[in-house]
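So you can see what is in the structure, the chains are spelled out below.
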Amino acid sequence: MRPSWTCRIAVWAAVLLYAVPVQGGLRLDQALDLARKGWVYELRETMLGRDLSIPVRIHPDVNVAATLCLLGEPPTPQSRQVIDAFLRLLRDSFGTAPDVVEARTIDGCDTDRPVALRLYSGRPPNDALTADLTWLSARHGLGLPRGRRFLAVSPAQGQTFFGPRGAVTHIMVQQSSGRDRSPLADTFFRSILIEELYQSFTFGMDILHFDPSVPWASKLEENPTLLRNMPWDSDRFRMGLLASNPVGLCPFDLMMLAALADAPVETSTDPALLDHIAARFDALTARVAEQLGDPRNASILDASCTGIADAD
């Protein structure tokens, strides 16, 4: 049953709060707690049959120095805007960003360090997803099961594999068909692309956020929402997904980009990352202030997120 108009308007009004700034900000201890939950995690092996002799290095520079291959449909103007803004933010934080190749098909992504981004509209292209992962597995020795059919589990998903030649990332994100245009649809497609890019390039982990009275602090926060069996193109699904986390990056997410870029750690899961944030908190927050003031970043930010408090 579709929700009533009253319910739909209430939920959509909550989504539109991204235009209203929130006063106050995260203290250092709160920022460290978020960083601990999202980045300083224990690596657990989930791929059955994987060659455990292949090293796994979790650090953003693995993908920041890669090649971004655009597969499938050409980016819509909105998708292009998000991609360009995100790459500019990476370049501003890390001093470099991936080169972009308009590959369209997976065999055009014949590079040693690929991040494959497949854009699609409508139903998920599971045949293309299967072809992408099969080709990447053969090319990079990923050891994925032969003959397996891979299925999309969400309108947007990303996964990184570690093979003998290094890391390989595959991202698949739904975008507008051109006919599917509305404020809700535009915000939805923008939000899911921002999330997959940020999560894939920073190796951040989902952070549970249970209290709806507490403002969002990170794009990686998630209020668990039951959306099972809802059509992905329905207003109810899109409103539910949008209400489960911020629609764009938060000031804390910008701080993490700056911290990950210059922390003296070999892997970003190293607890020494937290020591670096604590020691450089003033400088990191000053850097965030500069990026928040750059209008070129506005399209991928969520102004309803809490800010970062000045150090005591």
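Provided above is the structure to which this section pertains.
Undergrad: Tell me about the overall build of the protein chain, residues and numbers included.
TA: When you go through the protein chain residue by residue, the secondary structure sums to 10 helices and nine strands. Summed over all atoms, the accessible surface of the protein chain reaches about 14900 Å², with 54% contributed by carbon and sulfur.

Undergrad: Explain the nonpolar core to me, and be specific about the residues and the numbers.
TA: Among the nonpolar cores identified, the biggest contains 65 residues, and I83, L90, L117, F252, M255, M256 and I277 are the most heavily contacted of them. The biggest single contributor to this core is helix α6 (residues 183–202), with 10 residues. Setting aside residues up to four positions removed in sequence, F252 forms contacts with L26, A31, L34, A35, W39, A217, S218 and I308. In this structure, C109, A116, A152 and V168 belong to the second largest nonpolar core, which totals 17 residues.

Undergrad: Can you lay out the packing of aromatic side chains for me, pointing to particular residues and giving the numbers?
TA: Under the counting rule described, the total for this entry stands at five aromatic pairs. Judged by centre distance (6.4 Å) and plane angle (85°), the ring pair of W39 and Y198 falls under edge-to-face. Residue W39 is found in the loop between α2 (28–38) and α3 (61–64), and its partner Y198 is found in helix α6; the two are separated by 159 residues along the sequence. With 5.7 Å between their ring centres and 55° between their planes, F86 and F201 make a pair best called tilted. With F86 in helix α4 (residues 77–94) and F201 in helix α6, the pair connects residues that are 115 residues apart, well separated along the chain. Cluster of aromatic residues (ring-pair linked, three or more members): W39, Y198 and F252.

Undergrad: How would you explain unusual backbone geometry if you had to name every residue and give the values?
TA: With a phi angle near 60°, F203 is a residue other than glycine that sits in the positive phi range. Topologically, F203 is positioned in the loop between α6 and β7 (207–208). The exposure class of F203 is buried, given its relative accessible area of 8%. Of note, N229 is a non-glycine position whose phi angle comes to about 70°, a positive value. Following the sequence through the fold, N229 ends up in the loop between β8 (221–222) and α7 (235–242). Here N229 falls in the exposed class, since its relative accessible area comes to 77%.

The rules we used
- Residues numbered from 1 in each chain as written.
- Predicted model: local features only at pLDDT ≥ 70, side-chain atom pairs only at ≥ 80, totals over all residues.
- Heavy atoms only, no water.
- Helix = DSSP H or I, 4+ residues; strand = E, 2+ residues; numbered from the N terminus.
- Areas by Shrake-Rupley, 256 points an atom, 1.4 Å probe, with all protein chains shown as cover.
- Core = buried A, V, L, I, M, F, W, Y, C linked by side-chain atoms within 4.5 Å.
- Buried < 20%, exposed > 50% of the residue type's maximum accessible area, 1.4 Å probe, protein only.
- Contact = heavy atoms within 4.5 Å.
- Phe/Tyr/Trp six-rings, centres within 6.5 Å; stacked < 30°, edge-to-face > 60°.

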